[in-house]
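Working through the structure, step by step
Each chain, written out:
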Amino acid sequence: MQTYGYIRVSCAEQNISRQLVALTQAEIPEERIFVDRISGKDFQRPQYKKMLRRLMPGDLLCVTSIDRLGRNYEEILQQWQYLTRKKQVDIRVLDMPLLDTRRGKDLLGTFIADLVLQVLSFVAQTERENIRKRQAEGIAAAKRRGVRFGHKPRPLPENFPETFALWSSQAISTSEAARRSGMARSTFRDRARLFAKEQNQP
């Protein structure tokens, strides 16, 4: 029987140290620890797939938390069932001692582990959805306050106030105003709208 560890982080810049320390403290040699630095969006996990090919019945897979196994509630459950039933390997979740399939191999033990897994998977997904909702609400509130996201716009050319005044009075066309400002027509309209709004502020 061999013991393997799996680490997943959502981007290349994210630090794997905490997970790596936890797995090495569980006495898993580094050559049997597989690491994926991958976004949860597409979830293509080459190291996870490589590890699956090496797992044999009776082996043990250790992860630091259940959300390393999947990106959502359904996928976590799917991977758990695939590993324990089809691959016939044990799973140990380090931050949740109840989720250790080596314990309670009887029907009751299996039932309790499955129940705990489903509850925790649901809680993990609900928390991720709540975080996304709070982020969206925060962005919407910031936009209502006039906060602009993205790159800071280039400074207006010195002749913009004069050009804007001529354009506002219809003395020149939008195309001419955009040409004088060194902008595309759509950009000029956007900058003119913001300029007018700023001029009207007390």
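Residues numbered from 1 in each chain as written. Predicted model: local features only at pLDDT ≥ 70, side-chain atom pairs only at ≥ 80, totals over all residues. Heavy atoms only, no water.

**Concerning the overall build of the chain**
We count it as follows: A run of H or I in DSSP counts as a helix once it spans at least four residues, and a run of E counts as a strand once it spans at least two, with each numbered from the N terminus. Note on classification: 1.4 Å probe, protein chains only; a residue is buried when its accessible area is under 20% of the maximum for its type, exposed when over 50%, partly exposed between these limits. Contact definition: two residues touch when any of their heavy atoms are within 4.5 Å. Here the open area of atoms and residues is found with the Shrake-Rupley method and a 1.4 Å probe, where only the protein chains shown may cover a residue.
Along its length, the chain carries seven helices and four strands. Put simply, the chain runs from its N terminus to its C terminus through helices and strands in the order β-α-β-α-β-α-β-α-α-α-α. Residues classed as buried in the chain amount to 34% of the 202 residues present. A separation of at least 24 residues holds for 61% of the contacts in the chain among residues at least 6 apart in sequence. Put simply, the chain shows about 13,300 Å² of open surface, and 52% of that area lies on carbon and sulfur atoms.

**Quick word on the packing of helix H6 (residues 174–181) against helix H7 (residues 185–200)**
Threshold: Only the stretch in contact is used when fitting a helix axis, every axis being a line fitted to C-alpha atoms; angles between N-to-C directions are given from 0 to 180 degrees. Just so you know how the angles are binned, under 35 degrees is roughly parallel, over 145 roughly antiparallel, 65 to 115 roughly perpendicular, and the rest oblique. Three categories are distinguished: nonpolar for Ala, Val, Leu, Ile, Met, Phe, Trp, Tyr, Cys and Pro, charged for Asp, Glu, Lys and Arg, and polar for the others, with Gly belonging to the last.
Close contact between H6 and H7 brings their axes to 9 Å; oriented N to C, the two are set at 85 degrees. By the angle class used here, H6 and H7 are roughly perpendicular. Contacts between H6 and H7 involve Thr 174, Ser 175, Ala 177, Ala 178 and Ser 181 from the former and Arg 185, Phe 188 and Arg 189 from the latter. Its residues placed into classes, the contact of H6 with H7 shows three nonpolar, three polar and two charged.

**Let's talk about the sheet that holds strand E4 (residues 90–93)**
Spelled out, the test is: Here, a strand pair is defined by DSSP locating no fewer than two bridges between the strands.
Taken together, the four strands give an open sheet; going across it, the order is E2-E1-E3-E4, and neighbouring strands pair in parallel fashion. Of all the strands in the sheet, just strand E2 (33–37) and E4 have a single pairing partner and so form its edges. Mean inter-strand twist for the sheet, computed between neighbouring axes without regard to direction, equals 20 degrees. Pairing geometry for strand E3 (residues 60–63) and E4, over four bridges, is parallel. In the strand pairing of E4, Leu 60 is matched with Asp 90. Against the sheet, helix H2 (residues 46–54) touches strand E1 (3–9), E2 and E3, its axis set at about 155 degrees to E2.

**As for the packing of aromatic side chains**
Ring pairs (aromatic) are described by centroid distance and by the angle formed between their planes. Quick reminder of the rule: Stacked, edge-to-face and tilted are the three classes for Phe, Tyr and Trp ring pairs, Trp counted by its six-membered ring, which pair at centre distances within 6.5 Å; planes under 30 degrees apart are stacked, over 60 edge-to-face, the rest tilted. Two conditions define a charge located above a ring, namely a distance within 6 Å from the ring centre to NZ of Lys or CZ of Arg, and an angle within 35 degrees of the ring normal.
For the coordinates displayed, the defined rule picks out eight aromatic pairs. Summarising the aromatic geometry, the rings of Phe 160 and Phe 188 are spaced 5.6 Å apart at their centres and angled 50 degrees between planes, so their arrangement reads as tilted. Note that Phe 160 is positioned in helix H5 (residues 160–168) and Phe 188 in helix H7, a separation of 28 residues in sequence. Here Phe 160 matches Phe 188 in class, with each residue buried. Grouping aromatic residues by their ring pairs yields a cluster made of Phe 160, Phe 164, Trp 167, Phe 188 and Phe 195. We note Arg 45 situated over the ring of Tyr 48; from NZ or CZ to the ring centre the distance is 3.9 Å.

**Here's the deal with the side chain of Thr 163**
Position of Thr 163 among the secondary structure elements: in helix H5. Residue Thr 163 is classed as buried on the basis of its relative accessible area of 2%.

**Structural notes on the confidence of the model for the chain**
Note the following rule: Each residue gets a pLDDT score, which is the predictor's confidence in that residue and runs from 0 to 100.
Confidence along the chain averages 83 in pLDDT terms, with 86% of residues attaining 70 or more. At the level of individual helices and strands, the chain shows its lowest average pLDDT in helix H4 (residues 107–144), which scores 74, and its highest in E3, which scores 95.

**Things to note about the pattern of salt bridges**
Applicable threshold: Only one rule defines a salt bridge in this text: a Lys or Arg side-chain nitrogen within 4 Å of an Asp or Glu carboxyl oxygen.
Here the structure, examined in full by the defined rule, presents four salt bridges. Between Arg 102 and Asp 100 there is a salt bridge, and its shortest N-O distance comes to 2.7 Å. Arg 179 is paired through a salt bridge with Glu 176; the nearest N and O atoms lie 2.6 Å apart. Of the two residues, Arg 179 and Glu 176 are both situated in helix H6; the distance of three residues between them amounts to about one turn of the helix. When its relative accessible area of 56% is taken as the criterion, Arg 179 is described as exposed. What emerges from the salt-bridge pattern is a single network uniting Glu 176, Arg 179 and Arg 180.

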